[in-house]
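Chain by chain, the residues run as shown.
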Amino acid sequence: MTRVTRRIVSLGLAATGLLGLSGRRARASAPLWFGTRLDAGQAAFATAFDSDGRAAIDLPLPARGHGIAIAPDRRVAVVMGRRPGLFALAVEVPSGRVLAQVAPPEGRHFCGHAVFSADGRLLLATETDWEGERGLIGVYDAAAGFARIAEWDTGGLDPHDVRLLPGGGRIVVANGGILTHPDAPGAKLNLAEMDSSLAIIDIGTGEIARQLRLSPELFQLSIRHLVIGADGGVGFVMQYEGPAGDAVPLAGLLRTDGTVTLLDMPRERLSDLRHYCGSAASDVSGTIFGMTSPRGGQAAFFRFADGAYLGSRPLSDVCPIAADPARPGHFYMAGGHGGIERVSPGETGTQLASPLARGALWDNHMALV
């Protein structure tokens with residue numbers, strides 16, 4: 001596999017400033033869903049679409065993208081490169097103008113996700129120091145062209161998703177616990193001794209305020225993605241690296257009192273997920289969340305209040321999912337084999353009919369702008 005060098009990143013992103021013009025059609029007040037995708041030739045793009053699935057922003061990327069961080073004022077989206085990522089792209093919304101291109105320092109790579117601080121001043125990105133075998137939060141100053149100004153230890157390996165907790169003073173980080181190295185793309189080097197955790201980090205100090213782990217017998221569950229409920233609880237979804245025949249939960253809740261509950265679902269529906277959940281999102285009310293399994297072609301839904309399983313919806317190779325801002329309990333989700341659907345736990349999905357919706361091969365995540 002060709003490695004993405006810093007020079008390739010710079011050249012690839014320099015061209016994108018010419019290609020964001022389609023975003024000028026979008027109205028600032030209209031909701032957009034921002035994700036990453038591949039075209040039929042496997043070229044990578046960062047793409048925002050409207051409620052009908054029509055493209056508003058469509059920017060070529062130098063390599064596959066992953067997560068999207070949205071600024072509090074909704075005027076900037078930062079597209080993170082797929083792990084091991086060597087680029088991040090800050091994009092003005094809705095114009096599509098490229099504001100900045102960011103690379104991690106030598107010896108670091110992005111791990112796919114970032115979040116803005118409550119005031120929008122800082123971008124906090126998950127990173128790996130691969131020689132030091134430690135996870136980091138890279139701290140970038142949005143007001144200074146996203147210059148890197150600090151790094152914080154996450155207390156574990158393979159930090160992946162990161163979310164801002166209610167109140168804005170802390171973040172929660174999903175340490176996936178899997179050792180990787182860019183010289184061995186795709187290899188998981190420590191499956192016999194994984195150490196996944198949730199780390200709560202104070203933004204004011206950069207210190208870990210609390211760290212939580214699952215029971216030792218579940219050490220091969222990797223915590224990957226996070227959602228925040230209206231009550232301040234944290235939903236987390238996982239992938240399992242253990243024996244194929246095991247039946248293990250793939251979702252959990254961290255309550256505001258610090259207790260952790262793993263969520264049950266019917267055995268056959270759990271089996272459908274094939275030990276892997278690739279994305280998650282809460283609905284606009286913060287009372288329901290959905291998690292997706294591209295391997296299983298299923299999205300499963302849960303209620304924050306009691307962790308109840310609410311049902312599943314199919315879509316081939318489904319991964320990106322985000323809230324429908326107009327309807328509590330509803331979501332937009334997209335598939336890696338094409339297709340965008342509006343769904344809820346109790347209704348048949350509605351497929352969007354635009355050429356983009358039918359033809360784009362959607363990657364891991366999308367975010368509501």
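Residues numbered from 1 in each chain as written. Predicted model: local features only at pLDDT ≥ 70, side-chain atom pairs only at ≥ 80, totals over all residues. Heavy atoms only, no water.

1. Things to note about the pairing of strand E21 (residues 288–293)
Reasoning step 1: A large share of E21 lies buried, amounting to six of its six residues.
Reasoning step 2: Judged by which residues are buried, E21 turns out to be covered on both faces: Ile 288, Gly 290 and Thr 292 on one side and Phe 289, Met 291 and Ser 293 on the other are all buried.
Reasoning step 3: Two elements, strand E20 (residues 279–282) and E21, share four bridges in a ladder whose sense is antiparallel. Note on E21: the bridge partner recorded for Ser 282 is Phe 289.
Reasoning step 4: Following E20, the chain reverses through five residues before pairing antiparallel with E21; Gly 286 in that reversal takes a positive phi of roughly 70 degrees.
Reasoning step 5: One ladder, built from six bridges, connects E21 with strand E22 (residues 298–303); its direction is antiparallel. Bridging across to E22, Met 291 finds its partner in Ala 300. (Buried < 20%, exposed > 50% of the residue type's maximum accessible area, 1.4 Å probe, protein only. Helix = DSSP H or I, 4+ residues; strand = E, 2+ residues; numbered from the N terminus. Pairing = 2+ DSSP bridges.)

2. Describing the sheet that holds strand E11 (residues 147–153)
Reasoning step 1: With antiparallel pairing, the four strands of this open sheet are ordered in space as E8-E9-E10-E11. One side of each edge strand has no neighbouring strand; the edge strands of this open sheet are strand E8 (108–116) and E11. Each strand of the sheet is rotated relative to its neighbour by a mean of 30 degrees, with strand direction disregarded.
Reasoning step 2: Of the strand pairs in this sheet, E8 and strand E9 (residues 122–129) are connected by six bridges, and their pairing is antiparallel. Within the sheet, the bridge partner assigned to Phe 116 lies in E9 and is Leu 123. (Axes fitted to C-alpha atoms, helices over the stretch in contact; angles between N-to-C directions.)

3. Thoughts on the side chain of Ser 117
Reasoning step 1: As for its placement among the helices and strands, Ser 117 is situated in the loop between E8 and E9.
Reasoning step 2: For Ser 117, the contacting residues outside a window of four places in its chain are Pro 72, Leu 122 and Leu 164. (Contact = heavy atoms within 4.5 Å.)

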